[in-house]
Amino acid sequence: ASSPSQGAAKDWQKIGTVAELDKTGQLLVEDSPVGAVLVVGTSKAAKNLIAVNPTCTHQGCTVAWKTDKNQFVCPCHDAKFARDGKVQAAPAEKPLRTYLAKIENDSVFVKP
Ligand code: FES
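Residues numbered from 1 in each chain as written. Predicted model: local features only at pLDDT ≥ 70, side-chain atom pairs only at ≥ 80, totals over all residues. Heavy atoms only, no water.

Visitor: Please clarify how the state of the cysteines should be interpreted in this entry.
Guide: Note on terminology: a disulfide is the covalent bond linking the sulfur atoms of two cysteines. Taken as a whole and judged by the stated rule, the model has 1 disulfide. Cys61 shares a disulfide with Cys76; S-S distance 1.8 Å. Disulfide Cys61 to Cys76: torsion about the S-S bond roughly -90°, handedness left-handed. One end of the pair, Cys61, is in the loop between β4 (50–52) and β5 (64–66); the other, Cys76, is in the loop between β6 (71–73) and β7 (80–81), and 15 residues separate them in sequence. In this structure Cys76 comes out as partly exposed when scored by relative accessible area, which is 37%. (Disulfide = S-S within 2.5 Å. Helix = DSSP H or I, 4+ residues; strand = E, 2+ residues; numbered from the N terminus. Buried < 20%, exposed > 50% of the residue type's maximum accessible area, 1.4 Å probe, protein only.)

Below, the structure is given as structure tokens:
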């Protein structure tokens, strides 16, 4: 495995620390190198990490992850998205952008 680099935003990008993620099980970074990103999960289940661009595809509000419902919900007009970004409830029509996510060396990385 190659080590993460600072290179183009197509590579793995460090967006935060495992401590930050584990604190709440969510890590929201508005201005990462790949754009806004919301990672959901913890280091205890690192294989199940989810990462999306939380910008709602309806009118751009920031969606929130609802653990009990296992979906992202937009606070503005109640659009809902599955963990893979797919639309589950209108008014949004397009899926959320998703990223790959991984944990390495106590850091959280995402990749477009
Ligand atoms: Fe998200 Fe309208 S901006 S549902």
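Visitor: Can you walk me through the pattern of salt bridges in this structure?
Guide: Opposite charge on two side chains lets them pair, provided their charged atoms get close. Tallying each qualifying case throughout the model produces 3 salt bridges. The salt bridge partner of Lys80 is Asp78, with a shortest N-O separation of 3.0 Å. (Salt bridge = Lys/Arg side-chain N within 4 Å of Asp/Glu carboxyl O.)

Visitor: Please explain the environment of Asp78 as it appears in this structure.
Guide: Assignment of secondary structure puts Asp78 in the loop between β6 and β7. With a relative accessible area of 41%, Asp78 lands in the partly exposed category. In sequence terms Asp78 and Val18 are 60 residues apart; their C-alpha atoms lie 30 Å from each other. Ignoring anything within four residues of it in the chain, the contact list for Asp78 reads Val73, Ala89 and Ala90. In terms of polar contacts, Asp78 uses its side chain to reach the side chain of Lys80, at 3.0 Å. (Contact = heavy atoms within 4.5 Å. Polar contact = N/O pair within 3.5 Å; in protein donor to acceptor, adjacent residues only side chain to side chain.)

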